[in-house]
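What follows is each chain in one-letter form.
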Amino acid sequence: MSTRAGFIALIGEPNAGKSTLLNRMVGAKVLIVTHKVQTTRARIRGVALEGEAQLIFVDTPGLFKPRRRLDRAMVAAAWGGAADADVVVLLIEAHRGLTEGVERILEGLGDVTHGRPVALAINKIDRVKSEELLALTEKMNARHDFVETFMISAERGHGVDHLRKWLAEQLPEGPWLYPEDQIADLPMRMIAAEITREKLTLRLHQELPYQLTVETESWEERKDGTARIDQIIYVSRDGHKGIVLGHKGETMKAISKAAREELEEFLGRRVHLFTQVKVRPNWLDEAERYSEMGLEFKDGN
């Protein structure tokens, strides 16, 4: 049997469930999943195996109406991911249906995919009745010529195996592009930063939605088999620093502990995590911060 390999872009609105679906497909937690929209900033890839096929997922930032430089860079990365892929999957939420945001994605879809197969995946199907699903399927397929439509629940795993098998069949024949044991091409430093940022987002989603970023400053492998990881959390105002630290540093302590525990589970060994919070008023306009997130600074113009 010949091997297959190729890139699959998952596109959709923020919070459509792209990261959850990717984690379900890959079978490991590669991307951070939170209820706060816009948590996936970089074009992180997860790698899944299905029979003789290697599926490389380009998880794109959610497509939305950009307002700031960071937003524009994220939207450019999302469309760029779709343009580079062999197969595109548009993910929509069953209970929200054909929203204004989905309308906007449909408008841009034909220009970007250039005749490559685009499948529709309707997620969170457990939230609506079957007749509503049928009506939504008809409405969506009238708007775009999808090669297949899948009904799934990324969270519960319903329909995901069927989608993965279909995707494997669509990929071009050729050698595998990643070693078999590699689940993501994201450097470990970046995964570590994403894990800490997830904990911050979960804890502070009300106060600081997007005004912070995390960078792994250094990573030291120690002789005893443990790792020392130093991270900087950048915020844009002094007041934000106080929110991140919390009363007597309690908030930051809890966040660091949660991040360290998840890192230890991910790496399968002990980790010494050191975090510090720094104020950088203009980090949203610094090219360096964008490259750390895997985004193009110029795309934010």
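Residues numbered from 1 in each chain as written. Predicted model: local features only at pLDDT ≥ 70, side-chain atom pairs only at ≥ 80, totals over all residues. Heavy atoms only, no water.

## Overview of the overall build of the protein chain
In step 1: Within the protein chain, the secondary structure is distributed over nine helices and nine strands.
In step 2: Within the protein chain, contacts between residues at least 6 apart in sequence are counted, and of these 72% link residues at least 24 apart.
In step 3: For the protein chain, the computed accessible surface area is about 14,000 Å², with 47% contributed by carbon and sulfur atoms. (Helix = DSSP H or I, 4+ residues; strand = E, 2+ residues; numbered from the N terminus. Contact = heavy atoms within 4.5 Å. Areas by Shrake-Rupley, 256 points an atom, 1.4 Å probe, with all protein chains shown as cover.)

## Observations concerning the confidence of the model for the protein chain
In step 1: Per-residue pLDDT for the protein chain has a mean of 83; in total, 80% of the residues score no lower than 70.
In step 2: For the protein chain, per-element mean pLDDT is lowest for helix H2 (residues 69-84), which scores 69, and highest for strand E6 (residues 149-151), which scores 97. (pLDDT = per-residue confidence, 0-100.)

## Some thoughts on the environment of Glu-93
In step 1: If you trace the backbone, Glu-93 turns up in strand E4 (residues 87-93).
In step 2: When near neighbours in sequence (up to four residues on either side) are disregarded, Glu-93 contacts Asn-15, Ala-16, Asn-123, Lys-124 and Leu-136.
In step 3: Here the side chain of Glu-93 touches Lys-124 through a polar contact of 2.5 Å, side chain to side chain. (Polar contact = N/O pair within 3.5 Å; in protein donor to acceptor, adjacent residues only side chain to side chain.)

## Notes on the nonpolar core
In step 1: Formed by 25 residues in total, the largest nonpolar core has its most connected members in Ile-8, Leu-10, Leu-21, Met-25, Leu-55, Phe-57 and Leu-167.
In step 2: Elements with a minimum of two residues in this core: strand E1 (4-12), helix H1 (18-26), strand E3 (53-59), E4, strand E5 (118-123) and helix H5 (160-170).
In step 3: Broken down by element, this core gets its largest block of residues, five residues, from H5.
In step 4: Setting aside residues up to four positions removed in sequence, Leu-167 forms contacts with Ile-8, Met-25, Leu-55, Phe-57, Val-87 and Val-89.
In step 5: Core analysis: the second largest hydrophobic core is formed by 20 residues, Ala-85, Leu-90, Ala-94 and Val-128 among them. (Core = buried A, V, L, I, M, F, W, Y, C linked by side-chain atoms within 4.5 Å. Buried < 20%, exposed > 50% of the residue type's maximum accessible area, 1.4 Å probe, protein only.)

## Some words on helix H8 (residues 250-267)
In step 1: With 18 residues, H8 should reach 26 Å at 1.5 Å per residue; the first-to-last C-alpha distance of 26 Å fits that figure.
In step 2: Regarding H8, the residues found buried are Thr-251, Met-252, Ile-255, Ser-256, Ala-259, Glu-262, Leu-263 and Glu-264.
In step 3: Lining the buried residues of H8 we find helix H6 (188-204), strand E8 (227-235), helix H7 (238-245) and strand E9 (271-279).
In step 4: Directly after H8, the chain includes Gly-268, whose backbone phi takes a positive value near 70°. (Expected span 1.5 Å × (residues − 1).)

## A word on unusual backbone geometry
In step 1: Despite not being glycine, Lys-124 has its phi angle at roughly 60°, a positive value.
In step 2: A positive phi angle is found at Lys-248, which is not glycine, with a value near 55°.
In step 3: In this structure, Lys-248 sits in the loop between H7 and H8.
In step 4: The class for Lys-248 is exposed, based on a relative accessible area of 70%.

## Remarks on the sheet that holds strand E7 (residues 212-221)
In step 1: What the three strands build is an open sheet, ordered E7-E8-E9; its pairing is mixed. Each edge of the sheet is formed by a strand with only one pairing partner; in this case those strands are E7 and E9. Neighbour-to-neighbour, the strand axes of this sheet turn through a mean angle of 20°, independent of strand direction.
In step 2: As defined by bridge partners, E8 adjoins E9 across nine bridges and the pair is classed as parallel. Across the sheet, the residue bridging to Ile-233 is Val-277, located in E9.
In step 3: Against the sheet, H6 engages E7, E8 and E9, with an angle of about 140° to E7.
In step 4: Docked against the sheet, H8 engages E7, E8 and E9, running at close to 140° with respect to E9. (Pairing = 2+ DSSP bridges. Axes fitted to C-alpha atoms, helices over the stretch in contact; angles between N-to-C directions.)

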